[in-house]
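One letter stands for each residue in the lines below.
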Amino acid sequence: GANRAASLTHRLLAFSRRQSLQARDLQLNDLVVSLQELLARTLGESVRLEIDLCAELPQAYVDENQLESALINLAINARDAMPDGGQLRIATRQLQVEDQPLELGRGIALAPGNYVVVSVADTGTGMPADVLERVFEPFYRAADAPPGGSGLGLAIVSEIARAHGAHWRLQSRPDFAGTRVGLVFPGPRIGARLN
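Criteria and thresholds
Residues numbered from 1 in each chain as written. Predicted model: local features only at pLDDT ≥ 70, side-chain atom pairs only at ≥ 80, totals over all residues. Heavy atoms only, no water. Helix = DSSP H or I, 4+ residues; strand = E, 2+ residues; numbered from the N terminus. Contact = heavy atoms within 4.5 Å. Pairing = 2+ DSSP bridges. Axes fitted to C-alpha atoms, helices over the stretch in contact; angles between N-to-C directions. Parallel < 35°, antiparallel > 145°, perpendicular 65-115°, else oblique. Left-handed = near helix turned anticlockwise from the far one by under 90°. Nonpolar A, V, L, I, M, F, W, Y, C, P; charged D, E, K, R; others polar.

Undergrad: Provide a residue-level description of the side chain of Gln-87, including the pertinent values.
TA: By the element assignment, Gln-87 lies in strand β4 (residues 86–97). Setting aside anything within four residues of it in sequence, one finds Gln-87 in contact with Val-47, Arg-48, Glu-50, Met-82, Ala-121, Asp-122 and Thr-123.

Dropping the structure here:
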């Protein structure tokens, strides 16, 4: 009980602080690789971790510790959605929006430019539309969520994206269709056509 209280307090402080970023140019592939062992242990033996990294990914201007926290939170949520096991896939890619803004939903569109994307996708239970509408609210927990969570994991992810000037896109369907969360960071201004 004391450990759970300490963990909740830590999450509350992280969420409420809205700390200034300690950002630097960072290769997201390196960050994902550095987290691989920790994520595999967090997920347990019943969840297979797959890493799919874009070979020529440009750097993004991010706070390494905050992005690590976001990826760990997403992995824990994914694990909880796969109580009988499954697969978690973390991928990086480049994205170029050329002439027209790219709609992400929720009234958000990406302006033309270059972006770096890191996504976390699971083969879990998925979420119905009413849960999707509220899933990034602080302390919101779906009725069938496993016990012990704080309801802050995805709210923290959303806050980290906001602090970076990044965007997130959530896609999910119920009946074990899985969930995918993509974090979209501003990328380099100059460069070759991105894929």
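Undergrad: Go over the pairing of β4, please, and point to the residues and values.
TA: Strand direction decides the pairing type here: strand β2 (residues 47–52) and β4, joined by 6 bridges, are parallel. Looking across to β4, one finds that Ile-51 is bridged to Ile-90. Relative to strand β7 (residues 113–122), β4 is paired through 10 bridges, and the arrangement is antiparallel. Pairing of Arg-89 across the sheet is with Ala-121, part of β7.

Undergrad: Provide a residue-level description of the packing of helix α2 (residues 28–43) against helix α3 (residues 64–80), including the pertinent values.
TA: In a packed pair of helices, the relevant descriptors are the angle between the two axes and the axis-to-axis distance. Two elements in contact, α2 and α3, have axes whose closest approach is 10 Å; the angle formed by their N-to-C orientations is 40°. When the axes of α2 and α3 are compared, the pair comes out oblique. Both α2 and α3 take part in a crossing whose hand is right-handed. Contacts from Leu-28, Leu-31, Val-32, Ser-34, Leu-35, Leu-38, Leu-39, Thr-42 and Leu-43 in α2 reach Glu-64, Leu-67, Glu-68, Leu-71, Ile-72, Ala-75, Ile-76 and Arg-79 in α3. Residues belonging to the contact of α2 with α3 are distributed by class as follows: 12 nonpolar, 2 polar and 3 charged.

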